[in-house]
Amino acid sequence: MCGACGFPTAAGHWTDAGAGSPGERLRLRFTRLARVNRLLAPYGLRAHDDGATPGLQLIAPDGRRELVPDLEALWGAAARLAGEPVDPLSARALGEGGDDVRAR
Amino acid sequence: MTSARADGRLPLTIVGGFLGAGKSTWLRHQLSAGAFADHAVVVNEAAETPIDNLLLARARRLETLAAGCACCEGRAALVALLRGLCDRAWKDGIAGVVLETSGLADPAGIAAAVAGDPVLARRIAIARVISLVDGLNGALQLAAESLARAQAEAADTLVLTKAGMAEQSALARLTATLRRLNPVAEVVATERGAPARLPDGAAAPYRLPELAAAAPIRPRRLRIGAEAGWAALSTWLSALLVARGDDVVRVKGVVATPAGRLLIQSVRQRVQPPEILPPDDAGVAGPPPEVGTLVLLGRGIDEDLLERSWRRFGG
C-alpha cells in the first residue's frame, strides 16, 4: 500500500473532515444537528445530541432510541425506523407530495 | 513502460476502466514511481469540471480534456489535442502520451478515433490499453454494465485495484471472470496504485447475464457555492449516498472548509477519506480546482431535482 504519492487525508469519518480544530468540531456538531433534523422531520424522526456522548441519538415517534456513531450510520438506522430510505431527492423529503419525483 | 518506436510514431497508452475503478490513483502512483517519464499526460473527464488533474501533480506535462467523454461527444476535442501534442512533441521532448479516459469511455472507441484520423494514424501508435477493474465493485459492474465488459475486453493489461480491501475469494472469482472475458490480457493486482498479490488457485468465474439496454450514466453538476457550509454538505451528501448510492455511481468535487480545501470522492456508497489540497494553486497540476462545484455521475438523476434538493437542505 502506498501512502506517499497523494495529498494528506483527513482522519476520522469523512463527514467530520470539514472541521479542523476542536472548536470547529464542536460548532459543526451543533450546526449540523439542525440540518439533520430538517431532513428527518418528513419521516417523523428526530436526532438529539447531548453534547457529551459521542455520536447522535435517533428518536422514533414511538419513543424508540438508537445511538449512532456517525451520519452514515444515522441514515441507515433512520431508514430502518422509517421503513424507507431518507432520500433528499424524494417527494416526501422535499414536501412536494404525490409520487416520487424521480428523473424522467 | 513504453519506449520510442522505430517508425517515429508517438506511443499512446490508454488507461481506462469504470467510474471509480481507481484510474487516477493508479496513474499517480505510476508517475511517482517514475513510469511514463517524458510522457505528456492527458486526462479526460465526462463532466466539464475537471478534478482528476489535481491528483496528478507529478505529471511532467498535463493536459485536461473536460469537454465530454473522448470516445463519443469529446472525440473531436481529443483528436485536436493529440494533433497539437504531435506537433510539439519534438520541440518539447515528449516521448509518448498517456491518456486517462473518463470512466464512461470505451477504450476501443478511443483507439478507433486515433486510427480513423488521417493525421494521427501516421503520427501516433496505440502502445497499450490498460483497463482498471474495481476489486470491490468490479463483479457487480461486469454483471450490470455492458460498458464495464467492453472496457475489460479492450485491454492488453487488466489491473485489479483495491486488491487489499477486497475479500480474496471474491477477488479470485473476479480474476477468473476477467480471464474468461479477455483470455489474452495480462492480469495484475494493485492496492492504491502499488503492486499487490493476485489470489492463488482456480476459482469459478461469475456468470454474466445477458444485458438489456439501460439508461446511460450521465454527468451532472451541482453548484453548491464556494461558501457552502460543511455542516450542510456533509449532511445532505451522506443522506443522498445512503439512499441513492446505487444510482449516484460517482461524486467528485473540491469544497472549501475551515479545515482547508477538501477533495471529496465517492464510489457508490463509499466515500474516500477527503484529501486536503494545498492552500494555493501552485501545488496542483493543470487547471486550478473549481471550488464549490460537485460532479455527480449517475443514472436517472435529474439536475433540476438535485438543485431543488440542495436549495432546500443545503442553502
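If you're wondering where the values come from, they're calculated on a predicted model, not measured in any experiment.

J.: I keep staring at the overall build of chain B and nothing clicks. Help me out?
T.: In terms of helices and strands, chain B carries 9 helices and 14 strands. In summary, chain B has a C-alpha radius of gyration of 19 Å against a globular reference of 20 Å for 315 residues, a match within 12%. The principal-axis extent of the C-alpha atoms belonging to chain B is close to 60 × 50 × 35 Å. In chain B, buried positions account for 53% of the 315 residues. Once local pairs closer than 6 in sequence are excluded, the contacts in chain B between residues at least 24 apart make up 75%.

J.: Sorry, what's going on with the pairing of strand E10 (residues 248–257) of chain B here?
T.: Within a regular beta strand, the side chains point alternately toward one face of the sheet and then the other, so they alternate between its two faces. Residues and elements named next belong to chain B. Extensive coverage of E10 is indicated by the burial of 9 of its 10 residues. Sheet analysis places E10 next to strand E14 (residues 293–299), joined by 6 bridges and oriented antiparallel. Bridge pairing in E14 links Val248 to Gly298. Across 8 bridges, E10 lies against strand E11 (residues 260–267) in antiparallel orientation. Following the sheet pairing, Thr257 is matched in E11 by Gly260. Taking the residues that link successive antiparallel strands as the turn, the E10-E11 hairpin has 2 residues.

J.: Just to check I follow, could you spell out the UniProt feature "domain: CobW C-terminal" (unreviewed entry) in chain B for this structure?
T.: Taken from the UniProt record, the annotation "domain: CobW C-terminal" (unreviewed entry) applies to residues 230–312 of chain B. From the first C-alpha to the last, residues 230–312 of chain B spans 15 Å; its make-up is 30% helix and 36% strand.

J.: Got a minute to help me understand the packing of helix H1 (residues 22–40) of chain A against helix H8 (residues 230–244) of chain B in this structure?
T.: When two helices pack together, their arrangement is captured by the angle between the axes and the distance separating the axes. Packing of H1(A) against H8(B) leaves a shortest axis separation of 8 Å and a crossing angle of 40 degrees. The orientation of H1(A) with respect to H8(B), classified from their angle, is oblique. Here the hand of the crossing between H1(A) and H8(B) comes out right-handed. Where H1(A) abuts H8(B), its residues Leu28(A), Thr31(A), Arg32(A), Arg35(A), Val36(A) and Leu39(A) lie against Trp230(B), Ala231(B), Ala232(B), Ser234(B), Thr235(B) and Ala239(B). Taken together, the residues of the contact of H1(A) with H8(B) sort by class into 7 nonpolar, 3 polar and 2 charged.

J.: Is there a simple way to think about the sheet that holds strand E3 (residues 65–68) of chain A in this case?
T.: Two orientations exist for strands paired in a sheet by backbone hydrogen bonds: parallel and antiparallel. Residue and element names in this part refer to chain A. Across the sheet, which stays open at both edges, the 3 strands sit in the order E1-E2-E3 with antiparallel pairing between neighbours. Two strands lie at the open edges of the sheet, namely strand E1 (46–48) and E3, each paired on one side alone. The average angle at which neighbouring strand axes cross in this sheet is 30 degrees, direction not considered. Summarising the sheet, E1 and strand E2 (residues 56–59) pair through 3 bridges and their orientation is antiparallel. Along E2, the bridge assignment pairs Ala47 with Leu58. Running over the sheet, helix H2 (residues 71–82) touches E1, E2 and E3 and is turned about 15 degrees from E2.

Conventions used here
- Residue positions within a chain follow its written sequence, with the count starting from 1.
- The naming scheme follows written order: chains are lettered A onward, ligands numbered 1 onward.
- Since the coordinates come from a predicted model, pLDDT governs what is reported: local features require at least 70, and pairs of side-chain atoms require 80 or more to be given and counted, while whole-chain, interface and lining totals use all residues.
- Put simply, DSSP H or I for four residues or longer makes a helix, DSSP E for two residues or longer makes a strand, and each gets a number counted from the N terminus.
- Here the radius of gyration uses the C-alpha set of atoms, whereas the globule reference equals 2.2 Å times the residue count to the power 0.38.
- Exposed residues have 12 or fewer other C-beta atoms within 10 Å of their own C-beta, buried residues have 20 or more, and partly exposed residues fall in between, where C-beta atoms are placed from the backbone.
- For every residue pair, C-beta atoms are placed from the backbone, and the pair is scored as a contact if these atoms sit within 7 Å.
- The rule for pairing is simple: two strands pair if DSSP sees at least two bridges between them.
- UniProt positions are given in the numbering used here, feature names are shortened, and annotations may be inferred rather than shown by experiment.
- Lines fitted to C-alpha atoms define the axes here, with helix axes fitted over just the stretch in contact, and angles between the N-to-C directions of these axes take values from 0 to 180 degrees.
- Oblique is the label for every angle not falling under 35 degrees (roughly parallel), over 145 degrees (roughly antiparallel), or within 65 to 115 degrees (roughly perpendicular).
- Take the far helix as the reference: if the near one is turned anticlockwise from it by less than a right angle, the crossing is left-handed, and if turned clockwise, right-handed.
- Residues are grouped as follows: Ala, Val, Leu, Ile, Met, Phe, Trp, Tyr, Cys and Pro are nonpolar; Asp, Glu, Lys and Arg are charged; every other residue, Gly included, is polar.

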